[in-house]
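The lines below spell out each chain.
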Amino acid sequence: MWFVYGMLVVFSLLLATALFFFIVTRGALLLRSRSSRPAGPAAHVYPIYSNMFLIRLVDFQPVISAILLFQYNRLVARIVAGLVASDLRGQTVLVTSCPFGNVVPKVVDAAFKAHAGRVLMIDLVRNELLNVERKLGQPAGQVDYQVDDATALSLADGAVGANVMFFLLHELPHPMKLAALAEAGRVLAPGGKLYLGEFHRPDWRVLRLLSWAYFTVFESLGLALWDSHDPVACLDAMGGWSCQRTTMFFGNFQIITATRLAPAALAPV
């Protein structure tokens, strides 16, 4: 009997957790879509990313690592290694949106190890910026925080030497995915790199089925990354990029390092 009770407790906890995440993600958006209030620029943002209480409740490293099937550190390490190996002397490193977990402190540390002049944190939601500022404390370098829209950045053309976009695209409506990638290219200086971490279409059929079920229930906008809005295909179609993709954990996740080509490299021979 103790085994049966134990299994019931585990099942109840998993069900309650799934219900909680559905309510504060896709469920909230479904309710919002039925509201008569006009939709604002943050209409696609889940409450879990805008309400400070929910942000503090969920932004807990073991929880975030579990959501990414404990591949979080591997994904972050790939981006950090790319930044440290770059020559970013005097340049600005942009972090587009404020992801959960410890990726931001590690990216900031790597940027200054590469001698960047400053790190600019941008997010559409001020509470996300406040949460990141709390996590960073007093970093050994200049970090600026700015409310801004990844799909319509207020930065000048070629203003940054590197851009980190960590698990943002899968949450954006499809036209916004393309706009965010286009803006990433516009603000990158020639030779600058976009480091993009995202979900990917799993290699194994059983994992693909489980992943499909997860996205269908919680984050249906993410399924487009498997085909119609594959980031590498989108960047290649835009032109002016050289992309390298690394997949992890049987293809479930990807890190894309996309280099912005100089105009001379685009000219016909």
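In the block above lies the structure referred to throughout.
Just so we're clear, the structure is a prediction, and the values are computed from it rather than from any experiment.

Right, let's get into the nonpolar core. With 49 residues, the main nonpolar core has Leu 75, Ile 79, Leu 83, Val 119, Met 121 and Phe 166 as its most contacted residues. At seven residues, helix H6 (residues 103–113) tops the list of elements feeding residues into this core. Listed in part, the 25 residues of the second largest apolar core include Ile 122, Leu 168, Ala 180 and Ile 256.

If you add up the space inside the largest pocket, you get close to 1100 Å³. In terms of lining residues, the largest pocket is bounded by 48 residues, among which Tyr 49, His 170, Glu 171, Tyr 214 and Glu 219 are the most central. Of all the secondary-structure elements, those providing two or more residues to the lining of the largest pocket are helix H4 (61–67), strand S2 (118–123) and helix H9 (205–217). The greatest single-element share of the lining of the largest pocket, amounting to six residues, is contributed by H9.

Let's shift gears to the environment of Val 119. Take Val 119: it is sitting in strand S2. Remark: the alpha-carbon pair of Val 119 and Gly 141, spanning 22 residues in sequence, is separated by 8.1 Å. Once residues within four sequence positions are removed from consideration, Val 119 is found in contact with Val 93, Val 95, Val 108, Ala 111, Phe 112, Gln 142, Val 143 and Asp 144.

Another aspect to go through is a nonpolar patch on the surface. The grouping of Met 1, Trp 2, Phe 3, Val 4, Tyr 5, Met 7 and Leu 8 at the surface amounts to a nonpolar patch, some 880 Å² of accessible area in total. With respect to the element layout, Leu 8 can be found in helix H1 (residues 2–23).

What counts and how
Residues numbered from 1 in each chain as written. Predicted model: local features only at pLDDT ≥ 70, side-chain atom pairs only at ≥ 80, totals over all residues. Heavy atoms only, no water. Core = buried A, V, L, I, M, F, W, Y, C linked by side-chain atoms within 4.5 Å. Buried < 20%, exposed > 50% of the residue type's maximum accessible area, 1.4 Å probe, protein only. Helix = DSSP H or I, 4+ residues; strand = E, 2+ residues; numbered from the N terminus. 1 Å grid on protein atoms, 1.4 Å probe; cavity = no way out; pocket = protein on both sides within 12 Å on 5 of 7 lines; lining within 4 Å. Points joined across faces, edges and corners; volume = space filled by probe spheres on them. Contact = heavy atoms within 4.5 Å. Patch = residues over 30% accessible without salt bridge, like charges linked within 9 Å, V, L, I, M, F, W, Y side chains within 5 Å. Areas by Shrake-Rupley, 256 points an atom, 1.4 Å probe, with all protein chains shown as cover. Salt bridge = Lys/Arg side-chain N within 4 Å of Asp/Glu carboxyl O.

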